[in-house]
Number of protein chains: 2
Amino acid sequence: MSMRYLTAHLAQEIDAKLMGEAGAFSLDQLMELAGLAVAQALAASFSIPKYTRVLVCCGPGNQGGDGLVAARHLSHFGYKPTLYMPKTGNKDIYQRLHKQCTNMSIPTLPASADLPASLKSQDLILDAIFGFSFQGPLRAPFSRILPLLRDSGLPMLSVDIPSGWEVERGPVPLQSEEGEDLGAPLDPEVLISLTAPKLGVKGYRGRHWLGGRFVPPAMEREWELNLPEYPGSEQIVQLPTSAEL
Amino acid sequence: MSMRYLTAHLAQEIDAKLMGEAGAFSLDQLMELAGLAVAQALAASFSIPKYTRVLVCCGPGNQGGDGLVAARHLSHFGYKPTLYMPKTGNKDIYQRLHKQCTNMSIPTLPASADLPASLKSQDLILDAIFGFSFQGPLRAPFSRILPLLRDSGLPMLSVDIPSGWEVERGPVPLQSEEGEDLGAPLDPEVLISLTAPKLGVKGYRGRHWLGGRFVPPAMEREWELNLPEYPGSEQIVQLPTSAEL
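Residues numbered from 1 in each chain as written. Chains lettered and ligands numbered in written order. Predicted model: local features only at pLDDT ≥ 70, side-chain atom pairs only at ≥ 80, totals over all residues. Heavy atoms only, no water.

**Focus on the pairing of strand S2 (residues 80-84) of chain B**
Residues and elements named next belong to chain B.
- Counting buried positions along S2 gives four out of five residues, so the element sits mostly inside the fold.
- Bridge count between strand S1 (residues 53-58) and S2: five bridges; the pairing is parallel. Each bridged residue has a counterpart across the sheet, and for Val 54 the counterpart in S2 is Pro 81.
- In this fold, the crossover linking S1 to S2 by way of helix H3 (residues 62-77) has right-handed handedness.
- Where S2 and strand S3 (residues 108-109) come together, two bridges link them in parallel fashion. Bridge pairing links Tyr 84 to Leu 109 in S3.
- Read from S2 through helix H4 (residues 92-103) to S3, the crossover connection turns out right-handed. (Buried < 20%, exposed > 50% of the residue type's maximum accessible area, 1.4 Å probe, protein only. Helix = DSSP H or I, 4+ residues; strand = E, 2+ residues; numbered from the N terminus. Pairing = 2+ DSSP bridges. Right-handed = clockwise from strand over helix to strand, strands pointing away.)

Listed below in C-alpha cells is the structure:
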C-alpha cells in the first residue's frame, strides 16, 4: 500500500488529535521532535564545512517554531545558524524557543535587515516560513522576501511544504495579495515532510525526508497513512523521490 | 580538561537554571530529549531480536518520566517495552506520558504484579527508578523491588545513577529504612548519564553513555562541565569507562 499524501484538512485533524485528549502530546514535545528531525535531515543532506552558515527563516506560526528548534540543534551540531524572523510569533512557546536560541549565541537578523546583502554571507537556507496552514496569496513582508530567497542562488531545505506552494496543489507562481505576479515558486533542493507528506509535494523531485516519528501505530492505521519504516533508532527516513516511484 | 562529575546540588542547580527564566526550557522539552537519548543508548547497546522485551521500571519522579518517554521511543524502534511503575507520579506530565505509552499499546504491569514471574518473560531491564534527587535508605515498595531486579539475572541499563546508589558516593549495599541489609547494589551493564555524569558514577566500569545534548555552551563554560563532543547529529556519545581513563 502506498504512502498517503495528506490534505490540509487531514493534516490539521491529525495535529489536533495528537495534541488533544486522545493523543496527549504537548506542542513542546512534538515541536522538539519535529525540529530535531529537521536539523538531522539538514545535517544528512548538507555537510560542514561546505555548508556551515545556515539562514533559518521562520514564519510566525508553528512551522516557525520548528525552525527555531532546528536552529538550536544545528548549533549543537556545529553549524552556524542565523535566524531571520520577518514576523515573530506571539505564542509563549515561540518566545521561549527564541530565547533558547539566543542562549546558544545564535544571532537574529533584524526584520529590517538588507536581506540580499545578508544572504551573501550564508551557505544555505532553511525555509520554515509557511506550513500546512498556508493559504495564498502572499502578504507583506513575505511577498518581498520569498522572491529574494528564491533568487539568492543558495541551496534550500524546506519544511513540510515549500513556502508559497499550495498545500494541496503544489508549486504555483508566487503572487502578492495585490495580484502581482512575483515569478516562479521556490525550488528547494531538499524537503522534509513532517508526520506524513502533504498532497502538494506529491510531484516533488528533490531529496525528500520524512520526520516526526511519533504517530502511534493505531492512529497510523486509522488514518491509513502507510508510513515507511524508519531505520533503527533514527528520527528521519529518506523517501523515494517521485522520479523513482 | 577533564569532564566534571556533578554533586547532587549542582545537578539540581543546572536543572533549575535550564528550566528557569534563564534557560527557558520546558520540562516537556528536556524530558523528551532525555528519554529519546535513553532509548537510543539502549538501542546502541542491546540489539533486537536478542533483546526485544524490555521491562521499563519507572519511579514516581522526573526520572520515571524519562523512562516513560524512552519506552515510547523504544516501541517506535521495534522493541516490546512493558511498563512497571510501582509508584506512579502525580504530575500532569507523568499522566500524559503514560497515556502516550498506552496509545502505543505498551502494557503496564499492575503494581501488585508477581515481579519475579514477570521478569522471566523479559530480556532486559531499563532502570529509571531513582535519579539524582535520591536519598536512601530504601522505602517500600522499592526495598522489595530493587533486590528482585538485581537478582533477576537480566542485563540492565540504568539512567543517570543506578537506583539505590548514592548520588555522590556511588554503590553502597541496599538498605531498607528499617535498617535491614538487602545485599549488594545494582550492577548495571550499561549506564546513561544525562546532562553530565554525577559524582557517584565516577568509578563505573560498564558501558557508559552521555545524553542530554541541550546545554548551551555558555552555561557549560559557566559550570565548567567540559562535556565531550557528540558525534555529528547524534543525541548520545559514549564515554571512556573509568578503566580506560
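There's more to say after this.
**Comments concerning the interface of chain A and chain B**
- Contacts between the two partners involve 32 residues from chain A and, on the opposite side, 32 residues from chain B.
- Both faces considered, chain A and chain B share a buried interface measuring about 2,700 Å² in area, 57% of it formed by carbon and sulfur atoms.
- The interface formed by chain A and chain B includes zero salt bridges.
- The interface formed by chain A and chain B includes 16 residue pairs in polar contact (both at pLDDT 80 or more).
- Elements represented by at least two residues in the side of chain A that touches chain B include exactly helix H2 (27-45), helix H3 (62-77), helix H4 (92-103) and helix H7 (217-222) of chain A.
- Partitioning the side of chain A that touches chain B into residue classes produces 14 nonpolar, eleven polar and seven charged. (Contact = heavy atoms within 4.5 Å. Buried area = accessible area lost by both parts, 1.4 Å probe. Salt bridge = Lys/Arg side-chain N within 4 Å of Asp/Glu carboxyl O. Polar contact = N/O pair within 3.5 Å; in protein donor to acceptor, adjacent residues only side chain to side chain. Nonpolar A, V, L, I, M, F, W, Y, C, P; charged D, E, K, R; others polar.)

**Some details on the environment of A:Thr7**
All names here are of chain A.
- Note on placement: Thr 7 falls in the segment before helix H1 (8-19).
- Along the backbone, Thr 7 and Pro 147 are 140 residues apart, and their C-alpha atoms lie at a distance of 26 Å.
- Among all residues touching Thr 7, those that are not within four sequence positions of it are Glu 168 and Leu 199.

**Looking at the side chain of B:Gln40**
- Position of B:Gln40 among the secondary structure elements: in helix H2 (residues 27-45).
- For B:Gln40, a relative accessible area of 8% translates into the label buried.
- Ignoring any residue separated from it by four or fewer positions in sequence, one finds B:Gln40 in contact with A:Ser233, A:Gln235, B:Phe77, B:Gln235 and B:Ile236.

**A look at the relation of the copies chain A and chain B**
- Aligned on chain B, chain A shows an RMSD of 0.0 Å; the corresponding rotation is 180° and the shift along the axis is 0.0 Å. What the rotation and shift describe, once combined, is the action of a two-fold rotation axis.
- Comparing contact sets, 100% of the residues at the interface of chain A also lie at the interface in chain B, consistent with an isologous, same-surface contact. (Least-squares fit on C-alpha atoms with pLDDT ≥ 70 in both.)

**Notes on the UniProt feature "binding site: K(+)" (unreviewed entry) in chain A**
Residues and elements named next belong to chain A.
- Following the UniProt record, the feature "binding site: K(+)" (unreviewed entry) maps to Gln 63, Asp 127 and Ser 163 here. Spanning 101 residues, the annotated positions come together in the fold, the maximum distance between their C-alpha atoms being 10.4 Å.
- Relative to the assigned elements, Asp 127 resides in strand S4 (residues 124-128).
- Those residues in contact with Asp 127 that lie beyond four places of it in its chain are Cys 57, Gln 63, Met 156, Leu 157, Ser 158, Val 159, Ile 161, Pro 162, Ser 163 and Leu 186.
- At a separation of 3.2 Å, a polar atom in the side chain of Asp 127 contacts the main-chain amide nitrogen of Ile 129.
- By the element assignment, Ser 163 lies in the loop between strand S5 (156-159) and strand S6 (174-175).
- The class of Ser 163 is buried, set by a relative accessible area of 0%.
- Apart from the residues within four sequence positions on either side, Ser 163 is in contact with Asp 127, Ile 129, Phe 130, Leu 146 and Leu 186.
- A polar contact is formed between the side chain of Ser 163 and the backbone nitrogen of Phe 130, at a distance of 3.0 Å. (UniProt positions renumbered as here; feature names shortened; annotations may be inferred.)

**What to know about the confidence of the model for chain A**
- Residues at a pLDDT of 70 or more form 98% of chain A, whose mean pLDDT is 96.
- Under the prediction, the complex receives an ipTM of 0.96, its pTM being 0.97. (pLDDT = per-residue confidence, 0-100.)

**Let's talk about a negative patch on the surface**
- Taken together, the side chains of A:Glu177, A:Glu178, A:Glu180 and A:Asp181 define an acidic patch exposed on the protein surface.
- Here A:Glu180 lies in the loop between S6 and strand S7 (181-183). (Patch = residues over 30% accessible without salt bridge, like charges linked within 9 Å, V, L, I, M, F, W, Y side chains within 5 Å. Areas by Shrake-Rupley, 256 points an atom, 1.4 Å probe, with all protein chains shown as cover. Lys, Arg positive; Asp, Glu negative; His and termini not counted. Charge placed at Lys NZ, Arg CZ, Asp CG, Glu CD.)

**With respect to the state of the cysteines**
- Counted according to the given criterion, the structure contains zero disulfides over all chains.
- Not part of a disulfide, A:Cys101 finds its nearest cysteine sulfur in A:Cys58, a span of 7.5 Å.
- Taking relative accessible area as the criterion, A:Cys101 reaches 0% and is therefore assigned buried.
- The thiol of B:Cys58 is not disulfide-bonded; the next cysteine sulfur, from B:Cys57, is found 7.4 Å away.
- Take B:Cys58: its relative accessible area is 0%, and that puts it in the buried class. (Disulfide = S-S within 2.5 Å.)

**Considering the UniProt feature "domain: YjeF N-terminal" (unreviewed entry) in chain A**
- Mapped onto this numbering, the UniProt entry annotates "domain: YjeF N-terminal" (unreviewed entry) at residues 11-227 of chain A.
- Helix makes up 35% of residues 11-227 of chain A and strand 17%. Its end C-alpha atoms lie 14 Å apart.

**Some details on the packing of aromatic side chains**
- The final tally for this structure, using the stated rule, is ten aromatic pairs over all chains.
- Here A:Phe130 and A:Phe142 contribute two aromatic rings whose centre-to-centre distance is 5.0 Å and whose plane-to-plane angle is 65°, an arrangement assigned as edge-to-face. With A:Phe130 in the loop between S4 and helix H6 (142-150) and A:Phe142 in helix H6, this residue pair connects regions lying twelve residues apart in the sequence. The same class applies to A:Phe130 as to A:Phe142, namely buried.
- With a centroid separation of 4.5 Å and an interplanar angle of 25°, the aromatic rings of B:Phe130 and B:Phe134 are classed as stacked.
- The class for B:Phe130 is buried, based on a relative accessible area of 14%. (Phe/Tyr/Trp six-rings, centres within 6.5 Å; stacked < 30°, edge-to-face > 60°.)

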